[in-house]
Amino acid sequence: MSNTAVANDHHDDAHHGPAKGLMRWVFTTNHKDIGTLYLVFALFMFIVGGAMAMIIRAELFQPGMQLVDPEFFNQMTTMHALVMIFGAVMPAFVGLANWMVPMMIGAPDMALPRMNNWSFWILPFAFTMLLSTLFMPSGGPAGGWTLYPPLSLQTGNSFAFVIFAIHMMGISSIMGAINIIATILNMRAPGMTLLRMPLFVWTWLITAFLLIAVMPVLAGAVTMLLTDRFFDTSFFNAAGGGDPVMFQHIFWFFGHPEVYIMILPAFGVISEIIPTFARKPLFGYSAMVYATASIAFLSFIVWAHHMFTVGMPLGGELFFMYATMIIAVPTGVKVFNWVSTMWRGSMTFETPMLFALAFVILFTIGGFSGLMLAIVPADFQYHDTYFVVAHFHYVLVTGAIFGIIAGAYYWLPKWTGNMYPERLGKIHFWWSTISVNVLFFPQHYLGLAGMPRRIPDYAVQFADYNMISSIGGFAFGLAQLLFVYIVWKTSRGGKKATAQVWEGAKGLEWTIASPAPYHTFEDPPVIDDSKLAHGDITH
Amino acid sequence: MAHAAPDHSHYYVPHHARWPIVGSFGITALVVGAANMMNGSDFGVYLMYAGIAILVIMLFGWFGQVIRESVQGYYNSQVDTSFRMGMVWFIFSEVMFFAAFFGALFYARALAVPWLGGEGTGAMTNALLWQGYDAVWPTNGPADLGGDFKTVPAFDVPLVNTLILLTSGLTVTMAHWALKKARRRALVLWLAATVALGFYFVYLQIGEYVHAYTELGLTLGSGIYGSTFFMLTGFHGMHVTLGAIMLTVIMLRSAKGHFSDENHFAFEAVAWYWHFVDVVWLGLFLLVYVL
Ligand SMILES: [Cu+2]
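Residues numbered from 1 in each chain as written. Chains lettered and ligands numbered in written order. Predicted model: local features only at pLDDT ≥ 70, side-chain atom pairs only at ≥ 80, totals over all residues. Heavy atoms only, no water.

## Quick word on the packing of aromatic side chains
To be explicit about the condition: Any pair of Phe, Tyr and Trp rings, taking the six-membered ring for Trp, is counted once the centres come within 6.5 Å. Such a pair is stacked with planes under 30 degrees apart, edge-to-face with planes over 60 apart, and tilted for the rest. Partly exposed residues are those whose accessible area sits between 20% and 50% of the maximum for their type, while under 20% is buried and over 50% is exposed, using a 1.4 Å probe and protein chains only. Working rule: Lys NZ or Arg CZ, within 6 Å of ring centre, within 35 degrees of ring normal, means a charge sits over the ring.
In this structure the tally under the stated criterion is 77 aromatic pairs over all chains. Ring plane angle 85 degrees and centroid distance 5.3 Å describe the contact between Tyr75 of chain B and Phe83 of chain B, whose orientation is recorded as edge-to-face. We classify Tyr75 of chain B as buried; its relative accessible area is 13%. On the basis of relative accessible area, Phe83 of chain B is assigned to the partly exposed category, the value being 21%. Lying across the ring of Trp25 of chain A, Arg24 of chain A places its NZ or CZ 4.2 Å from the centre.

## Here we look at a nonpolar patch on the surface
All names here are of chain B. As a reminder of what qualifies: Each patch is assembled from residues with relative accessible area greater than 30% and no salt bridge, linking like charges that lie within 9 Å and nonpolar side chains (Val, Leu, Ile, Met, Phe, Trp, Tyr) that lie within 5 Å. Method for areas: the Shrake-Rupley scheme with a 1.4 Å probe, in which residue coverage is limited to the protein chains shown. The working definition used for a salt bridge is a side-chain nitrogen of Lys or Arg within 4 Å of a carboxyl oxygen of Asp or Glu. Each helix is a run of DSSP H or I of at least 4 residues and each strand a run of E of at least 2, with the numbering of both proceeding from the N terminus.
Taken together, the side chains of Phe155, Leu159, Leu163, Leu166, Leu282, Leu286, Leu287, Val290 and Leu291 make up a nonpolar region of the molecular surface, amounting to roughly 790 Å² of accessible area. Looking at the nonpolar patch, the elements with two or more residues in it are α5 (157-180) and α8 (265-290). No other element matches α8, which puts four residues into the nonpolar patch. Within the element layout of this structure, Leu287 appears in helix α8.

## Regarding the packing of helix α5 (residues 113-132) of chain A against helix α6 (residues 158-186) of chain A
Residue and element names in this part refer to chain A. To keep things clear, this is the line we draw: Where helices are involved, their axes are fitted lines through C-alpha atoms of the stretch in contact, as for all axes, and angles between N-to-C directions lie from 0 to 180°. In these notes the angle categories are as follows: under 35 degrees is roughly parallel, over 145 is roughly antiparallel, 65 to 115 is roughly perpendicular, and the rest is oblique. Here a crossing is called left-handed whenever its near helix is offset anticlockwise from the far helix by less than a right angle, and right-handed whenever the offset is clockwise. Contact definition: two residues touch when any of their heavy atoms are within 4.5 Å. Side-chain classes are defined by residue name, with Ala, Val, Leu, Ile, Met, Phe, Trp, Tyr, Cys and Pro counting as nonpolar, Asp, Glu, Lys and Arg as charged, and the others, Gly among them, as polar.
In the contact formed by α5 and α6, the axes pass within 9 Å of each other and the chain directions differ by 160 degrees. Considering their axes alone, α5 and α6 lie roughly antiparallel with respect to each other. The two elements α5 and α6 meet at a crossing, and its hand is left-handed. Of the residues in α6, those touching α5 at Met115, Asn116, Trp118, Ser119, Ile122, Leu123, Phe125, Ala126, Phe127, Met129 and Leu130 are Phe161, Val162, Phe164, Ala165, Met168, Met169, Ile171, Ser172, Met175, Gly176, Ile178 and Asn179. Considered class by class, the residues forming the contact of α5 with α6 number 18 nonpolar, five polar and no charged.

## Observations concerning the coordination of the copper ion
All names here are of chain A. What counts here: Coordination here is defined by N, O and S atoms within 2.8 Å of the metal (3.2 Å for Na, K and Ca), and since water is not considered, a site can look incomplete.
Distances from the copper ion to its protein donors, His256 (ND1), His305 (NE2) and His306 (NE2), fall at 1.7 to 2.0 Å. The sequence pattern formed by the donor residues of the copper ion is H-x48-H-H. Here His256 is found in helix α8 (residues 244-278), whereas its partner His306 is found in the loop between α9 (285-298) and α10 (314-326), with 50 residues between them in sequence. Taking the relative accessible area as the measure of exposure, His306 reaches 22% and is therefore partly exposed.

## What to know about the interface of chain A and chain B
The line we're drawing: Throughout, buried area stands for the accessible area (probe radius 1.4 Å) lost by two parts on being put together, summed over both. N or O atoms within 3.5 Å of each other form a polar contact, as long as, within protein, one can give a hydrogen and the other can take it, and as long as residues adjacent in sequence are counted only when both atoms are side-chain atoms.
With 71 residues of chain A at the interface, the matching set in chain B holds 70 residues. When chain A packs against chain B, close to 6,200 Å² is buried across both sides, 73% of that on carbon and sulfur atoms. Ranking the residues of chain A by area buried against chain B places Phe27, Arg114 and Trp118 of chain A at the top, with a combined share of 13%. Here chain A is connected to chain B by one salt bridge. Across the pair Arg114 of chain A and Glu69 of chain B runs a salt bridge whose closest N-O atoms are separated by 2.6 Å. Applying the counting criterion to the chain A and chain B interface returns 16 residue pairs in polar contact (both at pLDDT 80 or more).

## What about α10 of chain A?
Residue and element names in this part refer to chain A. Selection criterion: Expected span of a helix: the number of residues minus one, times 1.5 Å.
The end-to-end C-alpha distance of α10 is 19 Å, a good match for the 18 Å that 13 residues give at a rise of 1.5 Å each. All buried positions along α10 are accounted for by Gly316, Glu317, Phe320, Met321, Ala323 and Thr324. At its buried positions, α10 is contacted by α11 (328-342), α12 (351-374) and α13 (376-382).

## Things to note about the side chain of Thr233 of chain B
Residue and element names in this part refer to chain B. Within the secondary structure layout, Thr233 lies in helix α7 (residues 223-255). Since its relative accessible area comes to 0%, Thr233 is described here as buried. A distance of 2.6 Å separates polar atoms of two side chains, one belonging to Thr233 and the other to Tyr209. Sequence-distant contacts of Thr233, that is, excluding residues within four places in its chain, are made with Gln205, Tyr209, Leu284 and Tyr289.

## Description of helix α16 (residues 463-492) of chain A
For an α-helix, the turn length of 3.6 residues means that residues three or four places apart are oriented alike. Taking 1.5 Å as the rise per residue, α16 of chain A with 30 residues should run 44 Å; its terminal C-alpha atoms sit 44 Å apart, in good agreement. Backbone geometry just after α16 of chain A places Gly494 of chain A at a positive phi near 140 degrees.

## Here's the deal with the domain arrangement of chain B
Residues and elements named next belong to chain B. Applied cut-off: Domain delimitation in this document rests on an assignment produced automatically or drawn from a domain database.
Domain boundaries in chain B define domain 1 (13-74) and domain 2 (77-290). With centres defined by C-alpha atoms, the gap from domain 1 to domain 2 works out at 25 Å. Residue-level contacts link four residues of domain 1 with four residues of domain 2. Taken together, the two surfaces of domain 1 and domain 2 that pack against each other cover about 290 Å², and 69% of this comes from carbon and sulfur. Sorting the residues of domain 1 by area buried against domain 2 places Val66, Ile67 and Ser70 first, and these three jointly supply 75% of that buried surface. Linking domain 1 with domain 2 are zero salt bridges, by the criterion used here. Linking domain 1 to domain 2 there are zero residue pairs in polar contact (both at pLDDT 80 or more). Residues of the side of domain 1 that touches domain 2, tallied by class, amount to three nonpolar, one polar and no charged.

## Re the pattern of salt bridges
All names here are of chain B. A full pass over the atoms with the stated rule returns seven salt bridges over all chains. Put simply, Glu268 and Arg84 hold a salt bridge, and the shortest N to O gap is 2.9 Å. Of this pair, Glu268 sits in helix α8 while Arg84 sits in helix α3 (residues 77-116), and the two are 184 residues apart along the sequence. Judged on exposure class, the residue Glu268 and its partner Arg84 are both buried. Several salt bridges converge on common partners, so that one network encompasses Asp80, Arg84 and Glu268.

## What to know about the environment of Leu170 of chain B
Among the structural elements, Leu170 of chain B can be located in helix α5. A C-alpha to C-alpha distance of 19 Å links Leu170 of chain B and Leu284 of chain B, two positions 114 residues apart in sequence.

Structure representation (structure tokens):
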């Protein structure tokens, strides 16, 4: 249809704004609405999961049993993990993808808008069900989020609800991932070739592939748990020829790629932010793409590093040790490229950049402790201690969550049309960054000294560091309430943002007005190399 | 739909999707019902059926709307590509779901059972816990869970079922060929043959299950063999049933005159799904029955 006036007539309701009231959000197919839903849901779950962490740290403030009974403590550690992983981090990244991917590639919306709605609207139901188990007479799941049998099979009436909640989260994630892949592969504006895509789009493309590959495996694993519990099967029962360790293999075949599902999009966010505030193109763009792909590939062949102590043939231990350590190479490429991007850049340090810099340093600490854990004989010592807790919280809190927060500050002006209050943002940054280290760094020492994780009490020699860690925890928790306030305040008003928002920002998303109109790129944009931040651009 | 005429220059973005939230209520009712049923409450099963009913209504409503839009010509070739990608990646997720169970079968046969029998690092496990256990596949484990059982011989009904599914793969390809040549009658007939073969497979499979439970002593409780056998063939059977239902819908739509030689995504999606189910069966036949 060449005549756009005619096309507009036909699309009388395509150009309208959002509907009014609650039903706008329930029926919406708009990628920006759905992105907002995901992000608000994730923020809410972040607070819920954070409240559970506060209970854990309060109980661990001093040795001895003070506040909660051990059964409830175990429910808190289990639920904290499930809520943070499946309710906060993953939906937050899907929310960022929903908002940004179509705008970054010049698409009018996600490829499958109705399914996009369903991907989101399964989540509130799944989490209502999951959280409701805490109020069941038998209590919620308490065997750890990894659900290892035979312990997890002893969960009370809540067991089936937990399993089905995980199934629903899986369905949601798979549909979300399919949508993202179809959008990236099929909806790019003419001229937006694969190697011109922003790195956030690239990392999400690879993440989506990981999701589709491993979420069904998790579904299979928990289905076997369900049938072992209720239908007489013996997958994980040695008396019937099964093996409880088999669950760990299947689970971690999902679980290790899962950790990259939670960090690759953060790599993408950081790779957007650093070039903007260093006012230089990303160093080694294609190396970044290949490094991401290598990490994703390797993530499938390292799972048993989570189970060095269960008893594996020596060849297996060595294979998984070396394969794990190889991941340090592409990860090192990434860190090197971020640093090189900043080299001789004209840097400024707005809040997104501060979080990105903290990410680079603190995530690298988490990477190094991961390297330590990858060494089999060392892991025999560290396994199931607070060293592991410290490691994965550096990766997930100062990694994944700092990535999300950095992205939120970076794109809030685009979403709301308002600048966030920079001073408050900086306070949030320093407060978070200092307290998170007070919270997690001492846990390295606790772990090396032998304090086991997932236990509500501990020997008195661990008292000092636990108290320091708890104080850091409370401070970090409080800091995030400030973040909620900043987001709320920015959404209500503030200094108006320009279209480009940041002086050094490049890319299609910065060519449209702030706040981004309800519909963008209904006609594909003309790709202009000077407006692109990434890719095979000839300068 | 208020749209006067479809617009092919733009990617069609629907508004106000009303079915997804219905689906969310349906899936929640389904699983809350099932969980209550497993916990032994009486109303659980009814809630579960209600959930299934809501999901079926949702599917009819949702797909019906998509079909109406498709027939009215709202979808350009780019939308078609999105649908195709969606289906391909959905099938890939299904492949990975089956991979988990095939992986369990492999792990149990190649590692766990031999270890219980004392191989490798399992020497002490065997000596201390399961002395005298003779670890040969098929096994229901050292505790002889579920009692004596016999396995279903491969070159009996399973072989027949293999031939049925392979033939159905052929007939669905013939249907596709007929569709491309715009031979409507042949299309419907070939599809009918595929549907018949599909349901006949399910019928024979149910017969096998009855035979296994009543005469062979092989049940879901027959240790790791029973577990892997019934979970793999069971999930496959569910997929065949679903595929056959989808083929039936496609057949009815073909009879109503839907699909053209150029525009028939739904047909191809179901055909892909059918081939996927076929390939999984070949894996099953080889790894579960023959070996
Ligand atoms: Cu891992």
